[in-house]
Amino acid sequence: MIDQQKTPLAGGAVEHIGQTFHGDDYSRLLALAESSLLMFDDHEDARADFLRKAGRNADNTIVSQISRQVFGPPAPLPIHGKEPHLITDAAAQPPEPFEEEAPATPWPDDCLPGIMQDAADAIAEHVKAPHALAGMAVLAAVAHIAQRLVDAPRPSGGQMPCSLFVLTLLESGGRKSECFNLATAPITKSEIEKRNAHRAECQRLEQSAAAAKPKDRAAIMAQCPPDPRTLYRESTVEKIIRDFVRGSQPAMSWATDEGGVALGGHSLRSETCRASLGNLTRLFDGSGCERDRIGDGQSGFRFGIRFGLFLSCQPIVAREAMADPLLSGQGFFPRFLLAAPESLTGTRFIEPGDLERKATDDERLAAYWQTLAAMDAHAIHTDEHGGLTLPAVAMTSEAVEVWRLWFNRIEASIEQFGDYAHIAPFGGRAGELARRIAAVFACWRQFEGGLALPVVDADDMRRAIALCNYSLAEWARTNGSARLSQTERDAQSLLRWMQHKCLSSFTRSVIAQGCTSELRGSRNKQRRTAAIDELLRRRWLAERDGALFLFSEAATATSATSATKPASNGPESSKSSGNSSSTLEALNFADADPAPPPADDQEGADYEIY
């Protein structure tokens, strides 16, 4: 090792650089690499030191480029004393590309009104979660209350519920529940108090009935008030329908961060799937519910009720559900708003002041909670049958025109050769969803600003349209990725890991011990072997002398992402996907000129750690 006294970048200066660089800051990463080069005589030792200090919070592509620029191409691993081989034969066929999904759609700026937007920003900061996750949690919480206060206007006249179905996709550990818990904090607090009081009252009546004459007991128990619960966390469609029929609250929602319970659990088993889907779609449409069972007191119906559904689950669960012909063919998923953001796992570092900052002390959340609590406390109006009597929000003429022009654009995009032709059912629902969201915004602004009546204005509609555009782009992207089998997705994940390691050859034992978590270890051997076989079949790998060698071709700089076929996301997302190769491009192991450093003013050049 070089004497630390002879280089100004050694020792403490190196530690300082390792602490202060941010993301793809090219100049600081370059200084870090040069310091490693000064500290080690061997280039491979210096490379390892640089990669260790760079860590996960740096852009993999930039790190690879700097690694090649400063240390040269990495040396292949020797196998059993033999010289390793790179798959560089110009006569060999190139690897077979994967069908690649486009990158996650950027969350639109200012797509929520006023304090709702501030609250979503605050939740994303405190939880260190994607903005899309926090924004959808806030939207779901407000819609849960708004659905029992107002209806949305139908384009053809009349009214419809402003209830929303929301689906968020993120791997386990993405902090879905933390976002929703903060977004619904005043609702949860109120329900705990009401349900405790309800249980105490029911116990009092039970004691009175037990002490009364037998002929009077039924009349006493009939005085029990209905369960005040409006937000289900763990349930089934059957349980919710039964509660509606038996006189529950007239507006309820089911929110779970284990969407597999709803999409793959008891409610949607093959023998009950069709009935459950029918019940959910009728609830969404505001058509009430009906229950026919053998036995006294088991059947019934109820109208004038509202229901919201807020699901979060892992992408693999949603893909399996979307591949189910029954689920996809019933118009079930087109009723959902979708968010599938990239996970922030591995970048959620704690800064010095983070532990002192509490969500409960944040003025943005305090203002949001105050307005949400006021909405929650507002009286509801029901008819003699327990059904809601709701006014439809009005719309300004400008809001109607904004909606009409956008509706026509979406309608044109779902024709046979349009950008959204492959997700036509989703585009066909977009106009209705925009009006529902706009009604939720109008209801919120009524309480936030102390307005006499809720009215949808042009800004409400523009924000609602921005959310619908975002959801459509996510559905287009997710629909394309659903064409890949689980083995193909595993193979893509394994290929990216191999390229990230900046090595040209691997053994199966090394892969088993160090690859991505879903393929690592003995319990995932069958799945991992299938992924390796898929990479061999597609010619991304070749196996020789017990080692696996990664494809490399300097002339084409082929990679797992640049050699894929991106799925279309529609007119807006296609622009962003065209710029995504620099972000998602996997690393190669052939000599290549490093890319120039990013411009100082490049958008997103600095990686901010909240």
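Residues numbered from 1 in each chain as written. Predicted model: local features only at pLDDT ≥ 70, side-chain atom pairs only at ≥ 80, totals over all residues. Heavy atoms only, no water.

Looking now at the packing of helix H6 (residues 131–146) against helix H15 (residues 363–377). Contact pair H6 / H15: the axes reach a minimum separation of 9 Å and the direction vectors enclose 25 degrees. Comparing their axes, H15 and H6 come out roughly parallel. The hand of the H6/H15 crossing is left-handed. Across the interface between the two elements, Val-138, Ala-141, Val-142, Ile-145 and Ala-146 from H6 touch Tyr-368, Leu-372, Met-375 and Asp-376 from H15. In the contact of H6 with H15, the residues fall into eight nonpolar, no polar and one charged. (Axes fitted to C-alpha atoms, helices over the stretch in contact; angles between N-to-C directions. Helix = DSSP H or I, 4+ residues; strand = E, 2+ residues; numbered from the N terminus. Parallel < 35°, antiparallel > 145°, perpendicular 65-115°, else oblique. Left-handed = near helix turned anticlockwise from the far one by under 90°. Contact = heavy atoms within 4.5 Å. Nonpolar A, V, L, I, M, F, W, Y, C, P; charged D, E, K, R; others polar.)

Counting through the fold element by element, Ala-476 comes out in helix H18 (residues 458–481). Put simply, Ala-476 and Ala-421 are 55 residues apart on the chain and 9.6 Å apart in space, counted from C-alpha to C-alpha.

Another point: the pairing of strand S9 (residues 306–313). Judged by how many residues are buried, S9 sits mostly within the fold: eight of eight residues are covered. Residues Arg-306, Gly-308, Phe-310 and Ser-312 of S9 are buried on one face, and the alternating residues Phe-307, Leu-309, Leu-311 and Cys-313, pointing to the opposite face, are buried as well. When strand S4 (residues 165–169) meets S9, the two strands line up parallel, connected through five bridges. Pairing of Val-166 across the sheet is with Phe-310, part of S9. Where strand S6 (residues 251–256) and S9 come together, six bridges link them in parallel fashion. In the strand pairing of S9, Ser-253 is matched with Gly-308. (Buried < 20%, exposed > 50% of the residue type's maximum accessible area, 1.4 Å probe, protein only. Pairing = 2+ DSSP bridges.)

This part is about the nonpolar core. Residues Val-138, Tyr-368 and Met-461 are the most contacted members of the largest nonpolar core, which totals 112 residues. With sequence-adjacent residues up to four places away left out, Tyr-368 is seen in contact with Ile-115, Ala-119, Val-138, Ala-141, Val-142, Leu-182, Ala-183 and Trp-444. By size, the runner-up hydrophobic cluster in this structure holds 18 residues, among which are Phe-98, Ala-491, Leu-495 and Met-498. (Core = buried A, V, L, I, M, F, W, Y, C linked by side-chain atoms within 4.5 Å.)

Here we take up the confidence of the model for the protein. The pLDDT averaged across the protein works out to 78; a share of 76% of its residues lies at or above 70. Highest mean pLDDT in the protein belongs to strand S2 (residues 151–153) (97); lowest belongs to helix H23 (residues 581–584) (28). pLDDT under 50 marks residues 1–24. Its contacts with residues more than four places away, or in other chains, come to 48 contacts. Low pLDDT, under 50, characterises residues 553–610; the predicted model gives this stretch 117 contacts beyond four residues in sequence or across chains. (pLDDT = per-residue confidence, 0-100.)

Attention now moves to the sheet that holds S4. Overall, parallel pairing links the five strands, which are arranged S5-S6-S9-S4-S10 in an open sheet. Both edges of this open sheet fall to strand S5 (231–232) and strand S10 (336–339), since each of them pairs with a single strand only. Against the sheet, H6 makes contact with S4, S5, S6, S9 and S10, and its axis sits at roughly 155 degrees relative to S10, the strand it touches most. Docked against the sheet, helix H10 (residues 237–245) engages S5, S6 and S9, running at close to 165 degrees with respect to S6.

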